[in-house]
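# Inside the fold
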Amino acid sequence: MPPLVGAELIQTPVQLYRYLLRCCRQLPTTAMQQHYRHTIRQGYNSHSDEDDPERVQMIIQRAIADADWILDKYTKKK
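Let me begin by describing the structure that accompanies this report. (Residues numbered from 1 in each chain as written. Predicted model: local features only at pLDDT ≥ 70, side-chain atom pairs only at ≥ 80, totals over all residues. Heavy atoms only, no water.)

## Structural notes on the layout of surface pockets
- There is about 580 Å³ of room inside the largest pocket.
- Leu16, Leu20, Ile40, Gly43 and Ala63 are the residues nearest the centre of the largest pocket, which is lined by 24 residues in total.
- Taken together, the elements giving at least two residues each to the lining of the largest pocket come down to helix H1 (13-24), helix H2 (30-46) and helix H3 (53-75).
- Ranked by the residues each element gives to the lining of the largest pocket, the list is headed by H3, at 9 residues.
- In terms of residue class, the lining of the largest pocket is made up of 17 nonpolar, 4 polar and 3 charged. (1 Å grid on protein atoms, 1.4 Å probe; cavity = no way out; pocket = protein on both sides within 12 Å on 5 of 7 lines; lining within 4 Å. Points joined across faces, edges and corners; volume = space filled by probe spheres on them. Helix = DSSP H or I, 4+ residues; strand = E, 2+ residues; numbered from the N terminus. Nonpolar A, V, L, I, M, F, W, Y, C, P; charged D, E, K, R; others polar.)

Here it is as structure tokens:
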């Protein structure tokens, strides 16, 4: 299950970027939020020249799954 509603509607890298930044808001500490925001920004910049639509969709699906795992990891500790 995706961490936020609307994950299945993501089609573009910009939509993914915004979605992942919204996911960061759910992390418990400011330090974690800053760390993952930086990681998201780095990933976006490193894949910004990707032009293969299949590869872009694979990156989107993987990023959503990773966000789900990270949020699940930190929210289960409560």
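From this point, the narrative continues.
## Concerning H2
- Its 17 residues place the ends of H2 24 Å apart at the C-alpha level, agreeing with the 24 Å of an ideal helix rising 1.5 Å per residue.
- Of the residues making up H2, those classed as buried are Gln33, Tyr36 and Ile40. Looking straight down H2, one finds its buried side chains confined to an arc of 75 degrees; they lie on one side. Exposed residues pointing more than 90 degrees away from the buried face of H2 are listed as Thr30 and Ala31. (Expected span 1.5 Å × (residues − 1). Buried < 20%, exposed > 50% of the residue type's maximum accessible area, 1.4 Å probe, protein only. Arc of directions from axis to C-beta.)

## Digging into the state of the cysteines
- According to the stated counting rule, one finds 0 disulfides in the structure shown.
- With no disulfide of its own, cysteine 23 lies closest to cysteine 24 among cysteine sulfurs, the gap being 7.2 Å.
- Residue class for cysteine 24 comes out buried when judged on its relative accessible area of 4%. (Disulfide = S-S within 2.5 Å.)

## A short note on the packing of aromatic side chains
- Scanning the entire structure with this criterion turns up 2 aromatic pairs.
- Between tyrosine 17 and tyrosine 44 the ring centres are 4.8 Å apart and the planes differ by 45 degrees, which places this aromatic pair in the tilted class. One end of the pair, tyrosine 17, is in helix H1; the other, tyrosine 44, is in helix H2, and 27 residues separate them in sequence.
- Between tyrosine 36 and tyrosine 74, the aromatic rings sit 6.3 Å apart at their centres with planes inclined by 65 degrees, giving edge-to-face as the arrangement. Of this pair, tyrosine 36 sits in helix H2 while tyrosine 74 is found in helix H3, placing the two residues 38 residues apart along the sequence. You'll find tyrosine 36 and tyrosine 74 in the same group, each marked buried. (Phe/Tyr/Trp six-rings, centres within 6.5 Å; stacked < 30°, edge-to-face > 60°.)

Coordinates in, geometry out; function isn't part of it.
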